[in-house]
Amino acid sequence: MAKNAKQRTDIQIAICGSAGDGTIAAGDILKQAMAKAGYNVIAFDVYPPEIRGFGKCIARARITSEQVYSLKSESDCLVSLDDSHAIPHVPEVCKYGTVIYEDTPMSEMAEGTHISSHLASAQLPYGVAFREISERVTSSARSRNIVAVGYLAGLYDMPAEIFHQVIGRKFSGKPKELTDSVLSAFDAGFQTGAETFRLHFDRIGASRSKSKQSDLVMMSGNAATVRGCLDAGIDTFFGYPITPATTIMEMLAREMPKRGARLLQTEDEISAIAATLGAGYAGARAATATSGPGLALMSEMMGLGAMAELPAVAFVSQRGGPSTGMPTKTEQSDLNLAVFGVAGDGQRIILAPTNVEGCYKCAGKAFEMAEKYQTPVIVLLDLYLSNRYEAVELPVENPFSENCSKPVKKKPGKTKYSRFKLTSDGISPRAIPGDEDCMHTVTGLEHNEQGRPNDQPEIHQIMSAKRHEKLLTAVKHPGITISKRFGDKGKVDVGILGWGSTFGEILEAMIEARKEGIRCSAMKVVMLSPLPLGPIHAFMDDCGEVLVPELNYEAQFAALVTGATGRPVHRLNRVTGTPMRVREILAEIRRLAGQTEMIAAE
Amino acid sequence: MMNIHQPVYLEDKLEEVESSGKLAYRSQTLPTWCPGCGYFSIVEGVSKAMTDLGLNQKDTVCVSGIGCASRFPFFMNTFGFHSLHGRALPVATGIKVANDDLTVIVVGGDGDAFAIGGAHIPHAARRNIDITYILFDNGVYGLTKGQTSPTSIVGFKTTTTPYLNVDQPLNPLMMLLSYGASWVAQAYAGEPHHLTEMIEAAVAHRGFSYLHVLSPCVTFDKTSMTYKNLGMTVRPLPGDHDTSDFAAAMAAAQNTDLPQLGVYFAKERPTLADGLNEIAARAEATV
């Protein structure tokens, strides 16, 4: 079947190699090119914490014509750049799926060490001489990853000219001879692939419908976060490198100075958040980014931010924990730390986007909220979301407000300014250094309306109420979806409550379950503190059973929801360091739907 | 220093204080320190320095951590940030990076600075961030009622070292010099006029200025850094001390038995703001 026939596209390609093989680079070229060619792409790379050292790297990309929400449990194609790493992944290749591998090893291999001996009978083997081709056209074996990408593109009939553009851009700034050599490696691979006899369903199908092609950009969760920061007018950023948040600081370090904004790499995470609060106090839109271990260090400062009512935005990209845990593996286990990690009653706002586009929106809105509600805002990401690539459509008009601060109204005569004035919504007019006649001192001590230390019983009661009640209005903050229901409306057998990056898998599982005739819907919760209890209660009222799948061992979100609503939920927890499998969620939905039927029958 | 003081009459003093303009920098909150505490001179010194330098209250931020000395911002009629134990310097860094037009004065004690906050001092100094750090060293934890501090002498008995303190004290002047602070000086709370001069010079310096103030704790230290002991040992730096000579500054800082007062080292170099402006200029050139 020719590619211009209206055949739906849904193929997932996994490239697997050893650190240093160029696996991630090959995957990057593939996903950039396919997004440029007009396909939806969701991509996620898995790599070891070591830079070299022969750790396993896998770049996965799902290329589709329709909107999808997550990677698939099974891949349609596996490209092996290193058989010892790729062999365990052969079972993830679907029936009649493709396995592409090096068929001319450098030396004799022991029995069972070559990938070809591990294929199932219904998997299609494509042996290619990557190394020989690379050596022939570039006089070096180093471009074998590019040859592999070229072969893949040729085999699937992907548009070579777009790969050329992507490679040209990736190597811009490098010597022309190098770019030419890489392009010739691609072409040699492409030609070999195109000349290979293959079955028709290996070819790529239609791209997205034409109407939506123009404004889509391929970006990672962290890149979308950075774009959100820039569009919201970030003034200062203070950070300390930590996987998987480091790329946020790296991208901001390039972009912020171009706009006159300032970025500083601090001596630790404590100073990063301290400086962020200092800058926020001085009127800046200020942010930091870290992971769980960094947030643990920041928790005392987060309490100061709550007490002194200071704006600050902290992007926290979770990874496997506790402690140093699994720095390059994904997990959703810092929810408790984000929600509860503070001395005393120090509630703050927590937003958890569920996809790359959400990262952009939450990042920008976090600055608005921090400024308006005068409190730290944590945007909770995770490695799977930070490093996941999606083709997203960003708004043409900047959607973020420039100033959300409640201004001090100047009254004629001598009214002394009260920084922590009690108001109906709990939000006090805020002055910053430089404002005339508004001198005041902020403090982590309990204080009265003027900001003077005060530990009288009624003061602590009233001020605690002020600090908590002002956050309740944040649930109605304009321009952001803080919870949303998908799937069947009205009463359903099974409802799935989800948060963060796992929500993509939840949606896919829900769609499958509905195809099977199960009445089912899913709700994403983006604001995790304060919880949007109204919509959550309404959703739970409609559900026979409620399932909460999440990537942590302690069922942290399930416990949070149960604690807040007093209603039991079913938990589904995995801590494998990888995204949750759609089929695992689906199995649980089926089980719960069966239970509901049995109860109904009784 | 060391001059013979003339008798002072209360009426004259009141008139002098009221006409000086210093009170405009004082808040209506009275200092909470113990009678006789060396810290009273911070408020006096900073107020006078601000008066003399013509600083505007609204453009000045006093930042502190936690401890007796750290209560200082509440006593000033400026903007203030009473932050967390040990974290005054990074908070001040954030304020100054956000708004370089502000005058930022950081005040802290020896525990706040050299125990819990020790990690921040080298970085504030090496970045040469344009703030003033006034460190009141009394060699004891006062707010928690008398425990040993990083500058307590060996043998000092406190509630947590009831037999003796065995940890050798730090030498803050040598530390700050080696960290690259561009202005380092020492003063003594028992010499308030000299202290005020030093505060003024510290605030006037463009870059990171560190003023070490020896300040007795009259409540929890009856044996070590008392007015009596310090009063007998402190002396001015030699008249020919060269403030541009780093080696001479380090040599003078080693003399902890006879602490010398005055400016040890002063050298202008680009500040953090200069550096960030340079980065912005290079980045804008790429656009």
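Rules used in this analysis
- Within every chain, residues take consecutive numbers counted from 1 along the sequence as written.
- Think of it this way: whatever chain is written first is A, whatever ligand is written first is 1, and the rest follow in order.
- Per-residue local features of the predicted model are confined to residues with pLDDT of at least 70, and side-chain atom pairs are confined, for both listing and counting, to 80 or more; whole-chain, interface and lining totals are unaffected and use all residues.
- Note on conventions: DSSP H or I runs of at least 4 residues are helices, E runs of at least 2 residues are strands, and numbering of each starts at the N terminus.
- Our radius of gyration is a C-alpha quantity, and the globule rule it is checked against amounts to 2.2 Å times the number of residues to the power 0.38.
- By the convention adopted here, residues are in contact when the distance between their C-beta atoms, placed from the backbone, does not exceed 7 Å.
- To sort residues by burial, count the other C-beta atoms lying within 10 Å of each one's C-beta; a count of 20 or more means buried, 12 or fewer means exposed, and anything in between means partly exposed. C-beta atoms are built from the backbone.
- When DSSP finds two or more bridges between two strands, those strands count as paired.
- The angle between two axes is taken between their N-to-C directions and runs from 0 to 180 degrees, where each axis is a line fitted to C-alpha atoms and a helix contributes only its stretch in contact.
- Our angle categories are set so that under 35 degrees counts as roughly parallel, over 145 as roughly antiparallel, 65 to 115 as roughly perpendicular, and the remainder as oblique.
- Crossing handedness is defined as follows: a turn of the near helix away from the far one that is anticlockwise and smaller than a right angle gives a left-handed crossing, while the clockwise case is right-handed.
- Only Asp, Glu, Lys and Arg are considered charged in this grouping, and only Ala, Val, Leu, Ile, Met, Phe, Trp, Tyr, Cys and Pro are considered nonpolar; every other residue, Gly among them, is considered polar.
- For the domains described, the bounds stem from an automatic or database domain assignment.
- It is the directions from the helix axis to the C-beta atoms that the arc portrays.

Colleague: Even after reading the chapter, I still don't get the overall build of chain A, so can you show me in this structure?
Modeller: Along the backbone of chain A there are 18 helices and 21 strands. Scaling as 2.2 N^0.38, a compact globule of 602 residues should have a C-alpha radius of gyration of about 25 Å, and chain A matches this with 26 Å. In terms of overall dimensions, chain A has a C-alpha envelope of 85 × 70 × 45 Å along the principal axes. Excluding contacts between residues fewer than 6 apart, the proportion of contacts in chain A whose partners are at least 24 apart in sequence is 77%.

Colleague: Would you mind going over helix α1 (residues 10-20) of chain B with me for this structure?
Modeller: The α-helix advances 3.6 residues per turn, and as a result positions three or four apart in sequence lie on the same side. Taking burial as the measure, the 11 residues of α1(B) include 0 buried ones, a minor fraction of the element. B:Gly21 sits one or two positions beyond α1(B) and adopts a positive phi of about 85°.

Colleague: How do you make sense of the interface of chain A and chain B when you look at a structure like this?
Modeller: Frequently, the measure chosen for interface size is the accessible area removed from exposure when the parts meet. Facing 40 residues of chain A, the contacting portion of chain B comprises 35 residues. Looking at the side of chain A that touches chain B, the elements with two or more residues in it are β8 (236-239), β9 (262-265), α9 (269-281), α10 (292-307) and β15 (441-443) of chain A. By residue number, the principal contributor to the side of chain A that touches chain B is α9(A), which donates 9 residues. Bridge analysis of β15(A) against strand β2 (residues 79-82) of chain B gives 3 bridges, and the strand direction is parallel. Across the sheet, A:Val442 pairs through a bridge with B:Phe81, a residue of β2(B).

Colleague: Sorry, what's going on with the sheet that holds strand β4 (residues 75-80) of chain A here?
Modeller: The strands that make up a sheet are held in pairs by hydrogen bonds between backbone atoms, and each pair lies either parallel or antiparallel. All names here are of chain A. If you trace the 8 strands from one edge of the open sheet to the other, you get β6-β5-β4-β1-β3-β2-β14-β7, paired in mixed fashion. At either end of the open sheet lies a strand with only one pairing partner, and these are β6 (124-128) and β7 (216-220). Across the sheet, the axes of successive neighbouring strands diverge by a mean angle of 20°, strand direction being ignored. By the bridge criterion, 2 bridges tie strand β2 (residues 40-46) to strand β14 (residues 389-393) in an arrangement that is antiparallel. The residue bridging Ala43 from the neighbouring strand is Tyr389, located in β14. Across the sheet, helix α1 (residues 23-36) lies against β1 (10-18), β2, β3 (56-64), β7 and β14, angled at about 10° from β3, the strand it touches most.

Colleague: Looking at this structure, I do not really get the packing of helix α2 (residues 40-53) of chain B against helix α7 (residues 192-204) of chain B. What am I missing?
Modeller: A pair of packed helices is characterised by two quantities: the angle between their axes and the separation of those axes. All names here are of chain B. Closest axis-to-axis distance for the α2/α7 pair is 8 Å, and the angle between their directions is 50°. Comparing the axis directions of α2 and α7 gives the class oblique. Regarding α2 and α7, the two cross each other, and that crossing is right-handed. Together, Ser41, Glu44, Gly45, Val46, Lys48, Ala49, Asp52 and Leu53 of α2 and Pro192, Leu195, Thr196, Ile199, Glu200, Val203 and Ala204 of α7 make up the contact between the two elements. Counted by class, the contact of α2 with α7 contains 8 nonpolar, 3 polar and 4 charged residues.

Colleague: Looking at this structure, I do not really get the sheet that holds strand β18 (residues 520-525) of chain A. What am I missing?
Modeller: Residue and element names in this part refer to chain A. Strand order in the open sheet formed by 5 strands is β16-β18-β17-β20-β21, with mixed pairing between adjacent strands. Of all strands in the sheet, those with a lone pairing partner are β16 (483-487) and β21 (570-573), marking the two edges. For this sheet, the mean angle separating the axes of adjacent strands, direction not counted, is 25°. The sheet contact formed by strand β17 (residues 492-498) and strand β20 (residues 543-550) spans 4 bridges and is parallel. What sits directly across from Val492, in β20, is Cys543. Across the sheet, helix α15 (residues 503-515) lies against β16, β17, β18 and β20, angled at about 165° from β18, the strand it touches most. Its contacts with the sheet put helix α17 (residues 556-565) on β17, β20 and β21, and the angle it makes with β20 is roughly 140°.

Colleague: In this structure, what is going on with the domain arrangement of chain A? I would like to understand it.
Modeller: All names here are of chain A. Domains assigned within chain A are domain 1 (10-208), domain 2 (220-393) and domain 3 (483-601). One C-alpha centre belongs to domain 1, the other to domain 2; they are set 34 Å apart. Mapped onto the side of domain 1 that touches domain 2, the elements with two or more residues apiece are α1 and β2. Of all the elements, β2 adds the most residues to the side of domain 1 that touches domain 2, at 6 residues.

Colleague: I keep staring at the environment of B:Tyr163 and nothing clicks. Help me out?
Modeller: All names here are of chain B. Structurally, Tyr163 is set in the loop between β6 (147-148) and α6 (172-179). Judged by the 7 C-beta atoms lying within 10 Å of it, Tyr163 falls in the exposed class. Along the primary structure Tyr163 and Gly231 are separated by 68 residues, whereas in three dimensions their C-alpha atoms are 27 Å apart.

Colleague: Hey, could you run me through the environment of A:Phe367 in this one?
Modeller: Examined against the element boundaries, A:Phe367 turns out to sit in helix α12 (residues 356-373). Distance from A:Phe367 to A:Val377, taken between C-alpha atoms, is 7.9 Å for residues 10 residues apart in sequence.

Colleague: It is not clear to me how the packing of α6(B) against helix α9 (residues 246-253) of chain B should be interpreted in this structure. Could you clarify?
Modeller: All names here are of chain B. Two elements in contact, α6 and α9, have axes separated by 8 Å at closest approach and are oriented at 160°. The angle between α6 and α9 falls in the class roughly antiparallel. Seen along the crossing, α6 lies across α9 with a hand that is left-handed. Contact residues: Leu173, Met174 and Leu177 in α6; Phe246, Ala249, Met250 and Ala253 in α9. For the contact of α6 with α9, a count of residues per class yields 7 nonpolar, no polar and no charged.

Colleague: What should I look at first to understand helix α5 (residues 160-170) of chain A in this one?
Modeller: Three or more residues of α5(A) are buried, namely A:Phe163, A:Val166 and A:Ile167. In a view along the axis of α5(A), the buried residues occupy a sector of 100°, so they form one face of it.

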